[in-house]
Amino acid sequence: MDADTPTDEVLDELFATIESRKADLPEDSYTTTLFTHEKGENYVLEKLGEETTETILAAKDDDREELRYESADLVYHLLVLLSMKDASLDDLREELKTRF
Ligand SMILES: N=c1c2ncn([C@@H]3O[C@H](COP(=O)(O)OP(=O)(O)OP(=O)(O)O)[C@@H](O)[C@H]3O)c2ncn1[C@@H]1O[C@H](COP(=O)(O)O)[C@@H](O)[C@H]1O
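Note that the coordinates shown come from a computational prediction; the quantities given were computed from them, not determined experimentally. (Residues numbered from 1 in each chain as written. Predicted model: local features only at pLDDT ≥ 70, side-chain atom pairs only at ≥ 80, totals over all residues. Heavy atoms only, no water.)

(A) View of helix H4 (residues 64-84). Spanning 21 residues, H4 covers 30 Å between terminal C-alpha atoms, matching the ideal 30 Å at 1.5 Å per step. Taken as a whole, H4 has its buried residues at Glu70, Tyr76, His77, Leu79, Val80, Leu81, Leu82, Ser83 and Met84. The first or second residue beyond H4 is Asp86, which carries a positive phi of 60°. (Helix = DSSP H or I, 4+ residues; strand = E, 2+ residues; numbered from the N terminus. Expected span 1.5 Å × (residues − 1). Buried < 20%, exposed > 50% of the residue type's maximum accessible area, 1.4 Å probe, protein only.)

Structure (structure tokens):
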């Protein structure tokens, strides 16, 4: 993924990158550390909890910049969890679409 990626393709690109990290487990990758952590999926669940708390605190503080930053951390960790559970971004899209 690079800065030229169109904004509406960012989530697909990010998810594809996460899937690629899961397959290849490159050493210099934060995503690899999530897939290989000794705590297993519990570590990603902990990170999701932390990022959720940080997002809530940013909202409570009315800190829009921090809210944007923590929301991005939260979505990234959620996508890693979906990948870890062999779910896909399309699964998420389809579920959201059923609610229209
Ligand atoms: N979008 C993200 C992304 N969002 C958040 N993070 C990481 O999530 C972590 C958030 O942890 P914390 O908020 O707790 O901050 P921290 O103090 O650094 O965390 P810890 O040391 O406690 O783990 C940070 O290390 C961030 O770098 C991300 N790491 C990677 N990506 C993207 O994932 C793709 C693959 O990245 P790599 O796997 O690193 O190649 C690339 O496109 C990246 O841009």
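(B) Structural view of the side chain of Thr55. Mapping Thr55 onto the fold places it in helix H3 (residues 41-60). With a relative accessible area of 12%, Thr55 lands in the buried category. One polar contact links the side chain of Thr55 to the main-chain carbonyl oxygen of Glu70, over a distance of 3.3 Å. The contacts of Thr55, once residues within four sequence positions are left out, are Leu67, Glu70, Ser71 and Leu74. (Polar contact = N/O pair within 3.5 Å; in protein donor to acceptor, adjacent residues only side chain to side chain. Contact = heavy atoms within 4.5 Å.)

(C) Looking closely at the environment of Leu81. Along the chain, Leu81 turns up in helix H4. Other than its neighbours up to four places away in sequence, Leu81 contacts Val44, Leu45 and Leu48.

(D) Summary view of the nonpolar core. Grouped together as the largest cluster of nonpolar side chains are 16 residues, with contacts concentrated most on Ile18, Leu34, Val44, Tyr76, Leu79 and Val80. Counting residues per element, the ones that place at least two in this core are helix H1 (10-24), helix H2 (30-35), H3 and H4. With 6 residues, the single largest contributor to this core is H4. If we skip the residues at most four places from it in the chain, Leu79 touches Leu11, Leu14, Phe15, Ile18 and Leu89. (Core = buried A, V, L, I, M, F, W, Y, C linked by side-chain atoms within 4.5 Å.)

(E) Focus on the confidence of the model for the protein. Averaged over the protein, the pLDDT score is 95; the fraction of residues at 70 or greater is 99%. Scored as a whole, the predicted complex attains pTM 0.94, and scored at its interfaces, ipTM 0.91. (pLDDT = per-residue confidence, 0-100.)

(F) Quick look at a negative patch on the surface. A contiguous patch of negative charge, built from Glu54, Asp61, Asp62, Asp63, Glu65 and Glu66, is present on the exposed surface. Mapped onto the secondary structure, Asp61 falls in the loop between H3 and H4. The exposed category is assigned to Asp61, whose relative accessible area is 61%. (Patch = residues over 30% accessible without salt bridge, like charges linked within 9 Å, V, L, I, M, F, W, Y side chains within 5 Å. Areas by Shrake-Rupley, 256 points an atom, 1.4 Å probe, with all protein chains shown as cover. Salt bridge = Lys/Arg side-chain N within 4 Å of Asp/Glu carboxyl O. Lys, Arg positive; Asp, Glu negative; His and termini not counted. Charge placed at Lys NZ, Arg CZ, Asp CG, Glu CD.)

(G) Molecular detail of the site of the ligand. Close to the ligand lie 15 residues; Arg21, Ser29, Tyr30, Thr31 and Lys47 are nearest. In the environment of the ligand, an oxygen atom lies 3.0 Å from a nitrogen or oxygen atom belonging to the backbone of Tyr30. Taking Lys47, its side chain carries an N or O atom lying 2.7 Å from an oxygen atom of the ligand. Look at the ligand: alone it shows 820 Å² of surface, and the protein chains cover 56% of it. Contributing elements (two or more residues each) for the shell around the ligand: H1, H2, H3 and H4. Here the shell around the ligand takes 5 residues from H3, the largest share from any one element. For the shell around the ligand, the per-class residue count stands at 5 nonpolar, 4 polar and 6 charged. (Near = heavy atom within 4 Å. Nonpolar A, V, L, I, M, F, W, Y, C, P; charged D, E, K, R; others polar.)

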